[in-house]
Amino acid sequence: MLSTSSSLLIIDTSTNYLSLGLYQNNTTHSIYEAVGTKQSDYILPRIQQLLQQHQTTLSKLKAIVYAQGPGAFTGLRIGLGVATGLALATDLPLIGIPCLDAVAALKPAQPCVLAATDARMNELFFAWYNTLNHTRLSDYQVGSANSIQLPDGNLEGIGVGNAFGLNIDLPVAGENLMPTAEIYAELALTGRYPLTDSAHASLHYVRNKIALTAAEQAARKAERG
């Protein structure tokens, strides 16, 4: 069981940013860096940098928190691989936090929140939440912007996530914000997400298809004129 005195390492490689955090003494120290496709080059040196700067070691942690997806396929695999490798080496438990849960947490105490992020290929990852009572109102999904509808029984809502920075129409107005390591640490400490060992750590991919074929890409370009 974690408490606010627990020390945590946070790893989020679900986007083009490398987001890392060290939670200790009620504070989250963060690294948030645009690395593009070079997550694997930077992640271990930056983790070491974070630990050294704040004079701690992996052996002093209580758990490793990782972003579970949905998100960038390669990035998620890199994050999980590093998290499980470090956990195995130090016998630490893991806590997987779904990325859309972290996005929705940016809008607390709201009855209807759309968490939506860029999934590429003209699609979005999304889910609906009631952050007032910490419940999810829909499945984790992937689809086009025009496929997203308010959940039954809700006439209005608000949105959050980098989908709201795209030039698209969505069913609610929202802010282009993405969670930092601090949000992942806060969620991990709620006790709503189970601790697991490396053998049972998992990811939420949502999408079965991770790339368009050349023909599909050409068809999309033709549709856009």
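All values reported here derive from a predicted model rather than from experimental measurement.

Undergrad: How should I be thinking about the confidence of the model for the protein chain in this particular structure?
TA: Do not read the predicted coordinates in detail wherever pLDDT is low. Confidence in the prediction for the protein chain averages 92 pLDDT; 92% of positions are at 70 or higher. Of the regions scoring below 50 in pLDDT, residues 209-218 engages in 8 contacts with residues more than four places distant in sequence or in other chains.

Undergrad: Help me understand the pairing of strand E4 (residues 63-67), please; the structure alone is not making it clear to me.
TA: Two faces belong to every sheet, and in a regular strand the side chains alternate between them. Counted residue by residue, E4 has 5 buried out of 5 residues, so it is predominantly covered. Every second residue of E4 is oriented toward a common face, with Ala63, Val65 and Ala67 on one face and Ile64 and Tyr66 on the other, all of them buried. As a crossover connection, the stretch from E4 through helix H2 (residues 73-90) into strand E5 (residues 94-97) is right-handed.

Undergrad: Looking at this structure, how should I read the environment of Asp152?
TA: As for its position among the elements, Asp152 is in the loop between strand E9 (141-143) and strand E10 (158-160). In this structure Asp152 comes out as exposed when scored by relative accessible area, which is 79%. Taking the C-alpha atoms as reference points, Asp152 and Thr131, 21 residues apart in sequence, are found 16 Å from one another.

Undergrad: Sorry if this is basic, but what is going on with helix H1 (residues 39-53) here?
TA: Side chains of residues three or four places apart in an α-helix project in the same direction, reflecting 3.6 residues per turn. Here H1 is 15 residues long and its end C-alpha atoms lie 20 Å apart, about the 21 Å a rise of 1.5 Å per residue gives. All buried positions along H1 are accounted for by Gln39, Ile43, Arg46, Ile47, Leu50 and Leu51. Its buried side turned inward, H1 meets strand E1 (8-12), strand E2 (17-24), strand E3 (27-34) and H2. Immediately downstream of H1, the backbone of Gln55 shows phi near 50 degrees, a positive value.

Undergrad: Help me understand the layout of surface pockets, please; the structure alone is not making it clear to me.
TA: Considered as a void within the structure, the largest pocket measures approximately 860 Å³ in volume. Residue lining of the largest pocket: 34 residues in total, with Ser14, Thr15, Gly71, Ala72 and Arg120 positioned closest to the centre. Per element, the largest residue contribution to the lining of the largest pocket is 5 residues, and it comes from H2. Counted by class, the lining of the largest pocket contains 18 nonpolar, 12 polar and 4 charged residues. For the second largest pocket, the calculated volume is near 350 Å³.

Undergrad: Any chance you could explain unusual backbone geometry here in plain terms?
TA: Most peptide bonds take the trans configuration, and most residues that are not glycine carry a negative phi. The peptide bond linking Gly69 to Pro70 adopts the cis configuration, its omega dihedral lying at 0 degrees. One can find Pro70 in the loop between E4 and H2. Unlike most non-glycine residues, Asn25 shows phi in positive territory, near 55 degrees. For Asn25, the location among the structural elements is in the loop between E2 and E3. A positive phi angle is found at His134, which is not glycine, with a value near 60 degrees. Structurally, His134 is set in the loop between strand E7 (124-130) and strand E8 (135-136).

Undergrad: Honestly, the side chain of Gln39 in this entry has me stumped. Any pointers?
TA: Assignment of secondary structure puts Gln39 in helix H1. Residues within four places of Gln39 in sequence aside, it is in contact with Thr13, Thr15, Asn16, Tyr17, Leu18 and Ile78.

Undergrad: It is not clear to me how the sheet that holds strand E12 (residues 195-196) should be interpreted in this structure. Could you clarify?
TA: Strand pairs in the sheet, formed through backbone hydrogen bonds, run parallel or antiparallel to each other. If you trace the 6 strands from one edge of the open sheet to the other, you get E3-E2-E1-E4-E5-E12, paired in mixed fashion. This sheet does not close on itself; its edge strands, each paired only once, are E3 and E12. In terms of strand pairing, E5 meets E12 through 2 bridges, oriented antiparallel. Bridge pairing in E12 links Ile95 to Leu195. H1 contacts E1, E2 and E3 of the sheet and is inclined by roughly 20 degrees relative to E2. Sheet strands in contact with helix H4 (residues 181-188) are E1, E2, E3, E4 and E5, and its direction is about 125 degrees off that of E1.

Definitions and cut-offs
Each chain has its residues counted from 1, following the order in which its sequence is written. Where totals are concerned, whole chains, interfaces and linings use all residues; where local detail is concerned, this predicted model gives features only for residues with pLDDT of at least 70, and gives and counts side-chain atom pairs only at 80 or more. The basis for every side-chain value is the complete set of non-hydrogen atoms in the structure, without hydrogens or water. pLDDT expresses, on a scale from 0 to 100, how confident the predictor is about each individual residue. Only heavy atoms matter for contacts: two residues are in contact if any of them lie within 4.5 Å across the pair. Remark: exposure states derive from per-residue accessible area (1.4 Å probe, protein chains only) relative to the maximum for the residue type, with buried under 20%, exposed over 50%, and partly exposed in between. A run of DSSP states H or I qualifies as a helix once it reaches four residues; a run of E qualifies as a strand once it reaches two. Both are numbered from the N-terminal end. Here is how to tell: hold the view so the strands point away, follow the path from the first strand over the helix to the second, and if it runs clockwise the crossover is right-handed. Here the expected length of a helix is defined as 1.5 Å per residue gap, with one fewer gap than residues. In this analysis a 1.4 Å probe is tested at points of a 1 Å grid over the protein atoms alone, and where it fits but cannot get out there is a cavity; an open set with protein on both sides within 12 Å along at least five of seven lines is a pocket; lining residues have an atom within 4 Å of a point. Grid points are joined across faces, edges and corners, and a volume is the space filled by probe spheres set on the points. Under the convention adopted here, Pro, Cys and the residues Ala, Val, Leu, Ile, Met, Phe, Trp and Tyr are nonpolar, Asp, Glu, Lys and Arg are charged, and Gly plus all remaining residues are polar. Should DSSP find at least two bridges between two strands, the strands are taken to pair. An axis is simply a line fitted to the C-alpha atoms; with a helix, the fit covers only the stretch in contact. Between two such axes, the angle follows the N-to-C directions and lies from 0 to 180 degrees.

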